[in-house]
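Structural overview
Now for the letters of each chain:
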Amino acid sequence: MMTKFYIKTYGCQMNEYDSEYISSVLINKGYYETNSYEDADYIILNTCSVREKAEKKVYSEIGRIKKLKRKDREIKIGICGCVAQQQGYNIMERFKDVSFVVGTDALNRFEEIMNQVELGERIVDTDFKSNKLIKGKFKREPSTIAYVSIMKGCNNYCSYCIVPYVRGREISRDPEEILDEIKYLVELGYKEVILLGQNVNSYGKTLDETINFPKFLSMVNNINGLERIRFVTSHPKDFDEDLIFAMRDNEKVCEQIHLPIQSGSNKILKSMNRKYTSQEYLKKIEKLKKYIPNIAISSDFIVGYPGESEGDFNDTLNILNEVKYIMYFLLSIL
């Protein structure tokens, strides 16, 4: 009888990438992926804790799966991702039907963890044990666009964000390893890559060699057969002219940037620990439009942040009117 698994992914592109890796490990073990958890022997929820509702959805989903487990065959439930990293043993204590909890840093140990789960053990692994990142040359589903993680973690500690605590400190992958992964993807027929990192502008800071994100973009641009390059996410405090010139001069880099400002108020930006002012942000936008006239800009905003006045809110509206984003994501705390 073949063993089937189902993965449900919450949250960001990084989680999508991690789920692809989890799937590849299980397929290599001889498992088969199914599109419905009613057919699955292993149900894995790859979670996000950035938004409160996402966390509540995960707990509700576990409750639904528990009912399925009790009236049907034995099903092993696994929780991965940021909620797993944050809650760890609390999940095991709260949900006795959960078989394994795997944090964000433990994915490079996922095969070993699954070997223990197959023997009937209940496993929690949320340790930050190493500086290793997921190896990129794993099995992917046929497509034209692929996510490629170039680093993990974040050192910025914005006051509203849990990412540094659930993803750890910044660690950059070796450039040759990433380039090999992208070449492998091109051989499989992929035409576009989306380079992932909590702050891609910090890429290279933990490596011994002298490399930064603009230089790395040029290296990716030289890969034969690759047609388009995108990246997320850029932090405005680290966004500079070198990156603008790299976007302009490398023809495969799409004329599109996601540059989250979060608020137009300097008072709120300081409270958020964003380390730039709205004026500094606008100067960078001005340079972007000067050197890349057709640039498409998107952003993130938080409204109703603690201490925000009507004047602070109006400052945010002024940014919206001035920049004229093609798209933005809005989080309201009201």
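Data block above holds the structure.
This report concerns the structure included in the present document. (Residues numbered from 1 in each chain as written. Predicted model: local features only at pLDDT ≥ 70, side-chain atom pairs only at ≥ 80, totals over all residues. Heavy atoms only, no water.)

Here's the deal with the packing of aromatic side chains
Test applied: Between 30 and 60 degrees the pair is tilted, below 30 it is stacked and above 60 it is edge-to-face, where a pair is any two Phe, Tyr or Trp rings, Trp via its six-membered ring, whose centres lie within 6.5 Å. Numbered from the N terminus, helices here are DSSP runs of H or I no shorter than four residues, and strands are runs of E no shorter than two. Each residue gets one of three labels from its accessible area relative to the maximum for its type: buried under 20%, exposed over 50%, partly exposed in between, using a 1.4 Å probe on protein chains only.
According to the stated counting rule, one finds 13 aromatic pairs in the structure shown. Considering the side-chain rings of Tyr 17 and Phe 138, the 5.6 Å spacing of their centres and the 65° angle between planes classify their relative orientation as edge-to-face. Of this pair, Tyr 17 sits in helix 1 (residues 13-28) while Phe 138 sits in the loop between strand 6 (123-125) and strand 7 (145-149), and the two are 121 residues apart along the sequence. As far as burial versus exposure is concerned, Tyr 17 and Phe 138 are alike and both buried. Here the aromatic rings of Phe 301 and Tyr 325 are separated by 5.6 Å at their centres, their planes lie at 80°, and the arrangement is edge-to-face. Taken as a pair, Phe 301 in strand 13 (residues 296-303) and Tyr 325 in the loop between helix 12 (310-323) and strand 14 (327-332) lie far apart in primary sequence, 24 residues in all.

A closer look at the nonpolar core
The tendency in soluble globular proteins is for nonpolar side chains to be buried as a group. As a reminder, the rule being used: Grouping buried Ala, Val, Leu, Ile, Met, Phe, Trp, Tyr and Cys residues that are joined through side-chain atoms within 4.5 Å yields what is termed a nonpolar core. In this analysis, two residues are considered to be in contact whenever any of their non-hydrogen atoms come within 4.5 Å of each other.
The biggest cluster of nonpolar side chains holds 48 residues, and the ones touching the most others in it are Ile 182, Leu 195 and Phe 231. Among the elements that take part in this core, helix 7 (residues 175-187) stands out by supplying 6 residues, more than any other. Excluding its chain neighbours within four sequence positions, the residues that come into contact with Leu 195 are Val 148, Ile 150, Ile 182, Val 200, Phe 213, Phe 216, Leu 217, Ile 229, Arg 230, Phe 231 and Val 232. Membership of the second largest hydrophobic core comes to 25 residues, among which are Tyr 42, Leu 107, Ile 123 and Val 232.

Let's talk about the layout of surface pockets
To keep it simple, the criterion reads: Method remark: on a 1 Å grid restricted to protein atoms, a set of points is classed as a cavity if a 1.4 Å probe fits but cannot get out and as a pocket if it is open with protein on both sides within 12 Å along at least five of seven lines; lining residues have an atom within 4 Å of a point. Grid points are joined across faces, edges and corners, and a volume is the space filled by probe spheres set on the points. Gly is put with the polar residues, along with every residue not named as nonpolar or charged; the nonpolar set is Ala, Val, Leu, Ile, Met, Phe, Trp, Tyr, Cys and Pro, and the charged set is Asp, Glu, Lys and Arg.
In this structure, the second largest pocket occupies an estimated 240 Å³ of space. For the lining of the second largest pocket, the secondary structure elements donating two or more residues are strand 1 (4-9) and helix 1. Among the elements that line the lining of the second largest pocket, the one with the most residues is helix 1, at 6 residues. Among the residues forming the lining of the second largest pocket, the class breakdown is 3 nonpolar, 4 polar and 6 charged.

Focus: the pattern of salt bridges
As a working rule, side chains carrying opposite charge can pair if their charged atoms are close by. Put simply, the rule reads: We define a salt bridge as a side-chain nitrogen of Lys or Arg found within 4 Å of a carboxyl oxygen belonging to Asp or Glu.
Counted under the stated rule, the structure contains 19 salt bridges. One salt bridge in this structure joins Glu 118 and Lys 29, with 3.4 Å as the shortest N-O distance. Taken together, the positions of Glu 118 in helix 5 (residues 110-118) and Lys 29 in the loop between helix 1 and strand 2 (32-33) put the pair 89 residues apart, joining distant regions of the chain. When its relative accessible area of 37% is taken as the criterion, Glu 118 is described as partly exposed. Note that Arg 140 is salt-bridged to Glu 181, the shortest N-O span being 2.7 Å. Taken together, the residues Arg 140 in the loop between strand 6 and strand 7 and Glu 181 in helix 7 connect sequence positions 41 residues apart. Considered together, Arg 140 and Glu 181 belong to a single accessibility category, that of buried residues.

Some words on a nonpolar patch on the surface
Here is the rule: Residues enter patches when their relative accessible area tops 30% and they take part in no salt bridge; the joining distance is 9 Å for like charges and 5 Å for the nonpolar side chains Val, Leu, Ile, Met, Phe, Trp and Tyr. Every accessible area reported is derived by Shrake-Rupley at a probe size of 1.4 Å, with residue values counting cover from the shown protein chains alone.
A surface patch of nonpolar side chains, about 310 Å² in accessible area, is lined by Ile 326, Met 327 and Phe 329. Along the chain, the position of Ile 326 falls in the loop between helix 12 and strand 14.

Thoughts on helix 12
Condition: In a helix, the anticipated span is given by 1.5 Å times the number of residues less one.
The end-to-end C-alpha distance of helix 12, which contains 14 residues, comes to 20 Å, matching closely the 20 Å that a straight helix rising 1.5 Å per residue would cover. Tucked inside the fold, the buried residues of helix 12 contact helix 10 (266-272), helix 11 (278-291), strand 13 and strand 14. Immediately beyond the C-terminal end of helix 12, within one or two residues, lies Lys 324, with a positive phi of roughly 60°.

Quick look at the packing of helix 7 against helix 8 (residues 213-221)
Inclusion rule: Working convention: axes come from line fits to C-alpha atoms, limited for helices to the stretch in contact. Angles between N-to-C directions cover 0 to 180 degrees. For any helix crossing, the convention is left-handed if the near helix is rotated counterclockwise from the far helix by under a right angle, and right-handed if that rotation is clockwise.
Orientation of helix 7 relative to helix 8, taken along the N-to-C sense of each, is 35°, at an axis distance of 10 Å. Crossing hand, helix 7 versus helix 8: right-handed. In this structure, helix 7 uses Pro 175, Glu 176, Ile 178, Leu 179 and Ile 182 to contact helix 8, whose residues at the interface are Phe 216, Met 219 and Val 220.

Thoughts on the sheet that holds strand 1
How we decide: Strand pairing is defined by DSSP finding a minimum of two bridges between the two strands.
Spatially, 2-1-3-4-5-6 is the arrangement adopted by the 6 strands of the open sheet, whose pairing is parallel. Every interior strand has two partners, whereas the edge strands, strand 2 and strand 6, have only one. In this structure, strand 5 (residues 98-102) lies alongside strand 6, joined through 3 bridges in parallel fashion. Across the sheet, Val 102 pairs through a bridge with Asp 125, a residue of strand 6. Its contacts with the sheet put helix 1 on strand 1, strand 2, strand 3 (42-47) and strand 4 (76-81), and the angle it makes with strand 1 is roughly 175°. Along the sheet face, helix 5 touches strand 3, strand 4, strand 5 and strand 6 and points at about 165° away from the line of strand 5.

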